[in-house]
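Spelled out from the first residue to the last, the chains are:
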Amino acid sequence: MAWKPDLKWSEVTPKAAWLNRRALMTGALAAAGMPALARIKANPSAFSTDETPNTLEEITSYNNFYEFGWDKGDAAALSGNLTLDPWSVEIGGLVERPGTYDLADVMKGQPLEERIYRLRCVEAWSMVIPWIGFQLSGLLDRVGVKPGAKHVAFQTLLRPEEMPGQNGRSIDWPYVEGLRLDEAMHPLTILATGLYGEDLPRPNGAPIRLVVPWKYGFKSIKSIVKITLTEQQPPTTWNLLQPQEYGFYANVNPTVDHPRWSQATERRIGGGLFAGREETLMFNGYADQVAGLYSGMDLRTNY
Ligand code: MTE
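The following paragraphs examine the structure supplied in this document. Note that the coordinates shown come from a computational prediction; the quantities given were computed from them, not determined experimentally.

## Structural notes on the pattern of salt bridges
Enumeration according to the criterion identifies 15 salt bridges in this entry. Put simply, Glu113 and Arg115 hold a salt bridge, and the shortest N to O gap is 2.8 Å. Here Glu113 falls in the partly exposed class, since its relative accessible area comes to 21%. When the shortest N-O distance is used, the salt bridge between Glu162 and Arg159 registers 3.1 Å. A cluster of three or more residues bridged by salt bridges with shared partners is formed by Glu51, Arg118, Arg268 and Glu278.

Here you go:
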């Protein structure tokens, strides 16, 4: 066992107790006449899983964030200097109200919810993460999607001075991703701005990232600076790199293996050395909500 300097409350508090304590703390602070400054107010959601979330430590120290490097610990070690303020998102393409919106404006009027989602990486590991965010549909409704728009393209910040991995040429930066418009409008699809009741940590894509829980993690693009409504299906980073291995859809599917490994099972991070692998669920367990989006489609060819 590795020695732990100290345990964080998030490591020892299961979700129900944690939510309760948060309510208590907020109440106690308010009673003392003090605002609960750091805590984000977010409503619970019926879309949350009741599985136990991973610890904050696990969620922020085991990451894929290639802008900082190829090792799982690189984002935690090297993202500390990333400037998050000011931050703006350019929203354009087929929208009624294009523009460069600062983060506060992007979030304006969007009800924050806690969404405890499973995250399944294409590499066959998984976590449960208590995101805080709002539905992407809310933002798209606000900027007004024009008829003719069929897809949404996303782009990550390009800043090699602060993102050392962007000095490498293995990926054609910036990282880009995309969704079909109906996927983007689905109520499960969120823009996350926090987790565990706090602002989003840098290794997880601060200050704002996409979360699409029924797709492999690489679709959930981090640190977004640009959203464009398009007619054509937009290019996506992993598909450009390895088209035979990573498709545009990337729906979690235990019956379609990656060319180099099986997708039938997964390893839950934090499960311990002797925890068995878990079965991977169709659409990562969200089939009831999203299978209809793909009716009539061959998911073997549209991987
Ligand atoms: N977004 C950007 N910009 N760069 C990345 O390297 N990695 C993706 C996705 N979003 C990535 C990204 C992959 S492969 C996964 S599995 C998830 O982020 C991991 O999210 P997490 O670190 O918050 O668990």
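Moving on from the model shown.
## Considerations on unusual backbone geometry
Following Trp173, the chain continues into Pro174 via a peptide bond in cis, with omega recorded as 0°. Following the sequence through the fold, Pro174 ends up in the loop between strand E5 (151-156) and strand E6 (176-180). Here the amide bond leading from Ala206 into Pro207 is cis, since omega sits at -5°, within 30 degrees of zero. Mapped onto the elements of the fold, Pro207 is located in the loop between strand E8 (198-199) and strand E9 (209-211). One non-glycine residue, Tyr196, lies in positive phi territory at about 50°. Tracing the backbone shows Tyr196 in the loop between strand E7 (190-195) and E8. Despite not being glycine, Phe283 shows a phi value in the positive range, around 50°. Residue placement: Phe283 occurs in the loop between strand E12 (278-279) and helix H9 (287-290). For Phe283, a relative accessible area of 4% corresponds to the buried category.

## Re the sheet that holds strand E2 (residues 99-102)
The strand order across the open sheet built from 5 strands is E2-E1-E10-E5-E6, with neighbouring strands paired in mixed fashion. With partners counted over all chains shown, the strands left at the sheet margins are E2 and E6, one partner each. Sheet twist, expressed as the average angle between the axes of neighbouring strands with direction ignored, equals 20°. Note that E5 and E6 share 5 bridges and pair antiparallel. Within E6, the position partnered with His151 by the bridge is Arg180.

## Let's talk about the environment of Arg268
Relative to the elements of secondary structure, Arg268 occurs in strand E11 (residues 265-268). Spatially, the C-alpha atoms of Arg268 and Arg118 are 9.9 Å apart, while their sequence positions differ by 150 residues. In this structure, Arg268 is in contact with Glu51, Asn54, Arg118, Ser126, Met127, Val128 and Glu278, ignoring residues within four places of it in sequence.

## Some words on the site of the ligand
Taken together, the neighbourhood of the ligand is formed by 17 residues, with Asn63, Tyr66, Glu67, Thr156 and Lys222 sitting nearest. Take Asn64: an N or O atom from its main chain is 3.1 Å from a nitrogen atom of the ligand. In the complex, 99% of the free accessible area of the ligand, which totals 530 Å², lies under the protein chains. The site holding the ligand turns out to be the largest pocket. Class assignment of the residues belonging to the shell around the ligand gives a composition of 8 nonpolar, 6 polar and 3 charged.

Criteria and cut-off values
Residues numbered from 1 in each chain as written. Predicted model: local features only at pLDDT ≥ 70, side-chain atom pairs only at ≥ 80, totals over all residues. Heavy atoms only, no water. Salt bridge = Lys/Arg side-chain N within 4 Å of Asp/Glu carboxyl O. Buried < 20%, exposed > 50% of the residue type's maximum accessible area, 1.4 Å probe, protein only. Helix = DSSP H or I, 4+ residues; strand = E, 2+ residues; numbered from the N terminus. Pairing = 2+ DSSP bridges. Axes fitted to C-alpha atoms, helices over the stretch in contact; angles between N-to-C directions. Contact = heavy atoms within 4.5 Å. Near = heavy atom within 4 Å. Polar contact = N/O pair within 3.5 Å; in protein donor to acceptor, adjacent residues only side chain to side chain. Areas by Shrake-Rupley, 256 points an atom, 1.4 Å probe, with all protein chains shown as cover. 1 Å grid on protein atoms, 1.4 Å probe; cavity = no way out; pocket = protein on both sides within 12 Å on 5 of 7 lines; lining within 4 Å. Sits in = over half its atoms within 2 Å of the grid points. Nonpolar A, V, L, I, M, F, W, Y, C, P; charged D, E, K, R; others polar.

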